[in-house]
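Structural overview for review
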Amino acid sequence: MQALRSRWSAMLWLAVGICQCPAAVDAVGGAENNWVTSTLLPTLISVFIIVGVSLSAQHSALAAAIATAPTGTPLSIYVVMQQQAPHQKNAALRLYTLNIIKGVLATLTFAISAHLAARQDVGMIRVLMTGYAGWFVAWFLLSKV
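Below is a summary of the structure that appears in this document. (Residues numbered from 1 in each chain as written. Predicted model: local features only at pLDDT ≥ 70, side-chain atom pairs only at ≥ 80, totals over all residues. Heavy atoms only, no water.)

1. Observations concerning the layout of surface pockets
This is how it is decided: For cavity detection a 1 Å grid was placed over the protein atoms alone, and a set of points counts as a cavity when a 1.4 Å probe fits there but cannot get out; an open set counts as a pocket when protein lies on both sides within 12 Å along at least five of seven lines, with lining residues being those that have an atom within 4 Å of a point. Grid points are joined across faces, edges and corners, and a volume is the space filled by probe spheres set on the points. Numbering of helices and strands runs from the N terminus, with a helix taken as a DSSP run of H or I at least four residues long and a strand as a DSSP run of E at least two residues long. Residues are grouped as follows: Ala, Val, Leu, Ile, Met, Phe, Trp, Tyr, Cys and Pro are nonpolar; Asp, Glu, Lys and Arg are charged; every other residue, Gly included, is polar.
In this model, the largest pocket occupies a volume close to 700 Å³. In terms of lining, the largest pocket is formed by 22 residues, of which the most central are Ala64, Ala67, Thr68, Ala69 and Thr107. Broken down by secondary-structure element, the contributors of at least two residues to the lining of the largest pocket are helix H3 (35-55), helix H4 (60-68), helix H5 (72-82) and helix H6 (89-118). The dominant element in the lining of the largest pocket, judged by the number of residues it contributes, is H6, at 8 residues. Its residues assigned to classes, the lining of the largest pocket shows 14 nonpolar, 8 polar and no charged.

Below is the structure:
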């Protein structure tokens, strides 16, 4: 338990460091089309999530919560909005969030498909293949809407 606590402490310090990135962005010239906000920050957050899942692997509910936490979505909204002209931001935001809903529904289909396959004891590779097949079908159908 002590090792888990010290790992979480290390992750907390990493998160504090990541949270300081916006101040660093302002120091190097603002967020408009900045490599830090469009590339580095999403990458650091992705690494943070992977490390969190890895550290909490013994606690499947916690690992699942970390893996599905809404971190990438708000960050992607921010990155996409930074690349829009001011007069196009509202329309772009409406369209992008609609596509996020479609993506979340497709991801839910992945999870349900993978779970149904896992209940059949078919192994990890088939579980993943089934999940991705479900995701692809859902995304294809939702993209027509």
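Additional details are given in the paragraphs that follow.
2. Examining the packing of aromatic side chains
Filter applied, for reference: The aromatic pairing rule takes the rings of Phe, Tyr and Trp, using the six-membered ring of Trp, and pairs them if the centres are within 6.5 Å, calling planes under 30 degrees apart stacked, those over 60 edge-to-face and the rest tilted. Summary of the burial criterion: residues with accessible area below 20% of their type's maximum are buried, those above 50% are exposed, and those between are partly exposed, where the area comes from a 1.4 Å probe applied to protein chains only.
If you walk through the whole model with that rule in mind, you get 2 aromatic pairs. Plain terms: the ring middles of phenylalanine 110 and tyrosine 132 are 5.0 Å apart, the flat faces sit at 70 degrees to each other, and that makes the pair edge-to-face. Taken together, the residues span a long stretch of sequence, with phenylalanine 110 in helix H6 and tyrosine 132 in helix H7 (residues 124-143) at a distance of 22 residues. Here tyrosine 132 falls in the exposed class, since its relative accessible area comes to 53%. Where tryptophan 135 meets tryptophan 139, the ring centres are 6.1 Å apart and the plane angle is 0 degrees; that geometry is what we call stacked. A residue pair is termed a helical-turn pair when its members lie 3 or 4 positions apart in one helix, as tryptophan 135 and tryptophan 139 do in helix H7 at 4 residues. A relative accessible area of 30% places tryptophan 135 in the partly exposed class.

3. Some thoughts on a nonpolar patch on the surface
Going by this rule: Here the term patch refers to residues with relative accessible area over 30% and no salt bridge, with like charges joined within 9 Å and nonpolar side chains (Val, Leu, Ile, Met, Phe, Trp, Tyr) within 5 Å. Per-residue and other accessible areas follow the Shrake-Rupley method at a 1.4 Å probe size, with only the shown protein chains counted as cover for residues. Just to be clear on terms, a salt bridge is a Lys or Arg side-chain nitrogen sitting within 4 Å of an Asp or Glu carboxyl oxygen.
On the surface, Met124, Ile125, Leu128, Met129, Tyr132, Trp135, Phe136, Val137, Trp139, Phe140 and Leu141 cluster together into a nonpolar patch covering about 1,200 Å² of accessible area. Positionally, isoleucine 125 belongs in helix H7. Its relative accessible area of 54% is what places isoleucine 125 among the exposed residues.

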